[in-house]
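What the coordinates show
Listed here are the chains, written in short residue letters.
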Amino acid sequence: SAVISQKPSRDICQRGTSLTIQCQVDSQVTMMFWYRQQPGQSLTLIATANQGSEATYESGFVIDKFPISRPNLTFSTLTVSNMSPEDSSIYLCSVGRGGQGETQYFGPGTRLLVL
Amino acid sequence: GDSVTQMEGPVTLSEEAFLTINCTYTATGYPSLFWYVQYPGEGLQLLLKATKADDKGSNKGFEATYRKETTSFHLEKGSVQVSDSAVYFCALSVDSNYQLIWGAGTKLIIKP
């Protein structure tokens, strides 16, 4: 398994500002994922972040809005840029070794409220 | 495309009742199947998984059997506790990139 921490755990932000969320893992992992979970909803994958390459974004998510960094095998950041109230969600990072059947391990999430 | 369908919640049960949360899937190829649980205010935890047909995953008294013939992976527990109150997500992976396809989640409420 892997132990994952996220910072901040929650934040309240003003519209038009940006927030950077950090994800730290206690071991080296191949694959890191960023998800959004809107209130009472399921998870939506934002992007896959692999070390040494550009993040791969899912349909409906763009790099200008959600820039991601992955400087090494234990750390990643997701920035939510130019926020609006529609960005109010839980943002989750997860990690995995890759390969079908392998478990993804999740961080505790960052609860973001945009006013 | 690949998809997961879960029974709608909330599901409300009394303590010690029998639990079933239905999950069916559509997938090309041979998916791996997962149940994750999200307790209030927390992230997701893997509850159990199965990687091939007829496998049974089990953990903390919960069980689910991978049924290829009915494309199902129903979650069961014989006697639920108040502490089992949470949201349960069924998910599958078929992709070599290891993306998970998620169900909508089922909120479970256990009353004492």
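Report on the accompanying structure. Sequence order as written defines residue numbering, which begins from 1 separately in each chain. Written order decides the labels, with chains lettered from A and ligands numbered from 1. Thresholds applied to this predicted model are a pLDDT of at least 70 for local features of residues and 80 or more for the giving and counting of side-chain atom pairs; totals over whole chains, interfaces and linings are not thresholded and use all residues. Where side-chain values are given, they derive from all heavy atoms of the structure, hydrogens and water being excluded.

**Focus: a nonpolar patch on the surface**
Residues and elements named next belong to chain A. This is how the line gets drawn: Each patch groups residues whose relative accessible area exceeds 30% and which form no salt bridge, using 9 Å between like charges and 5 Å between nonpolar side chains of Val, Leu, Ile, Met, Phe, Trp and Tyr. Surface accessibility in these figures is a Shrake-Rupley result with a 1.4 Å probe; residues are shielded only by whichever protein chains are displayed. For this document, the term salt bridge refers to a Lys or Arg side-chain nitrogen within 4 Å of an Asp or Glu carboxyl oxygen. The helix and strand labels rest on DSSP assignments: H or I over at least four residues marks a helix, E over at least two residues marks a strand, and numbering proceeds from the N terminus. Burial classification: accessible surface area is computed with a 1.4 Å probe over protein chains only, and a residue below 20% of its type maximum counts as buried, one above 50% as exposed, and the rest as partly exposed.
On the surface, I12, L113 and L115 cluster together to form a nonpolar patch covering roughly 280 Å² of accessible area. Mapped onto the secondary structure, L115 falls in the segment after β11 (110-114). With a relative accessible area of 47%, L115 lands in the partly exposed category.

**Details of the pattern of salt bridges**
Pairs may arise between side chains of opposite charge once their charged atoms sit close together. Applying the stated criterion across every chain, the model contains four salt bridges over all chains. In this structure, K65 of chain A and D87 of chain A form a salt bridge, with 2.7 Å as the shortest nitrogen-oxygen distance. With a gap of 22 residues between them, K65 of chain A in the loop between β6 (56-57) and β7 (68-72) and D87 of chain A in the loop between β8 (75-80) and β9 (89-96) connect regions that are remote in the sequence. Across the pair, D87 of chain A and K65 of chain A agree in class, each one buried. The shortest N-O distance in the salt bridge between D55 of chain B and K52 of chain B comes to 3.4 Å.

**What about the sheet that holds strand β3 (residues 19-21) of chain B?**
Residue and element names in this part refer to chain B. Worth spelling out the cut-off: For two strands to be treated as a pair, DSSP must find at least two bridges joining them. Here the axes come from fitting lines to C-alpha atoms, over the contacting stretch only for helices, and the angles between their N-to-C directions go from 0 to 180 degrees.
In spatial order, the strands read β3-β9-β8-β7; together these four strands make up an open sheet with antiparallel pairing. Of all the strands in the sheet, just β3 and β7 (56-59) have a single pairing partner and so form its edges. Here the strands of the sheet are splayed against their neighbours by 20° on average, with no regard to which way each runs. Judged from the three bridges that link them, β3 and strand β9 (residues 75-77) form a sheet pairing that is antiparallel.

**Section: the pairing of strand β5 (residues 43-50) of chain A**
Residue and element names in this part refer to chain A. Most of β5 sits inside the fold, with six of its eight residues counted as buried. Judged from the seven bridges that link them, strand β4 (residues 31-37) and β5 form a sheet pairing that is antiparallel. Counted as the bridge partner of M31 is N50 from β5. Across two bridges, β5 lies against β6 in antiparallel orientation.

**Quick word on the interface of chain A and chain B**
Formally: Only heavy atoms enter the contact rule, under which two residues are in contact if any of them lie within 4.5 Å. Using a 1.4 Å probe, buried area is obtained as the accessible area two parts lose upon being combined, added over both of them. Distance and chemistry together define a polar contact, namely a pair of N or O atoms within 3.5 Å, with one atom able to donate a hydrogen and the other to accept it when in protein, and with adjacent residues in sequence counting only for side-chain atoms on both sides. The nonpolar class holds Ala, Val, Leu, Ile, Met, Phe, Trp, Tyr, Cys and Pro. Asp, Glu, Lys and Arg form the charged class, and all remaining residues, Gly among them, are polar.
Counting residues at the interface gives 23 residues for chain A and 24 residues for chain B. Contact between chain A and chain B buries roughly 1,700 Å² in total, counting both sides, with carbon and sulfur atoms accounting for 48%. In this assembly, chain A and chain B are joined by zero salt bridges. The interface formed by chain A and chain B holds six residue pairs in polar contact (both at pLDDT 80 or more) in total. Listing elements by their share of the side of chain A that touches chain B, those giving two or more residues are β4, β5 and β9 of chain A. Counted by class, the side of chain A that touches chain B contains eight nonpolar, twelve polar and three charged residues.

**Let's talk about the state of the cysteines**
Residues and elements named next belong to chain A. For clarity, the cut-off: When two cysteine sulfur atoms are found within 2.5 Å, that pair is recorded as a disulfide.
Applying the stated criterion to the full structure yields two disulfides over all chains. No disulfide involves C13; its sulfur sits 17 Å from the nearest other cysteine sulfur, which is in C93. Given the relative accessible area of 9%, C13 is considered buried.

**Here's the deal with the layout of surface pockets**
The following threshold applies: A pocket here means an open set of points on a 1 Å grid, computed over the protein atoms alone, that has protein on both sides within 12 Å along at least five of seven lines. A cavity is instead a set of points where a 1.4 Å probe fits but cannot get out; residues with an atom within 4 Å of a point line either one. Grid points are joined across faces, edges and corners, and a volume is the space filled by probe spheres set on the points.
The computed volume of the largest pocket comes to approximately 480 Å³. Q37, G40 and Q41 of chain A together with Q38 and V87 of chain B are, among the 23 residues lining the largest pocket, the residues nearest its centre. At the level of elements, β10 (86-93) and β12 (106-111) of chain B are the ones that each hand at least two residues to the lining of the largest pocket.

**Comments concerning the side chain of R36 of chain A**
Residue and element names in this part refer to chain A. The test is simple: None of His or the chain ends enter the tally, which takes Lys and Arg as positive and Asp and Glu as negative.
Position of R36 relative to the elements: it lies in strand β4. We note that R36 is buried and unpaired, the nearest opposite charge coming from D87 at a distance of 4.3 Å. Residue contacts for R36: discarding those within four places in its chain leaves S42, L43, T44, I46, F61, F66, D87, S89, I90 and Y91.

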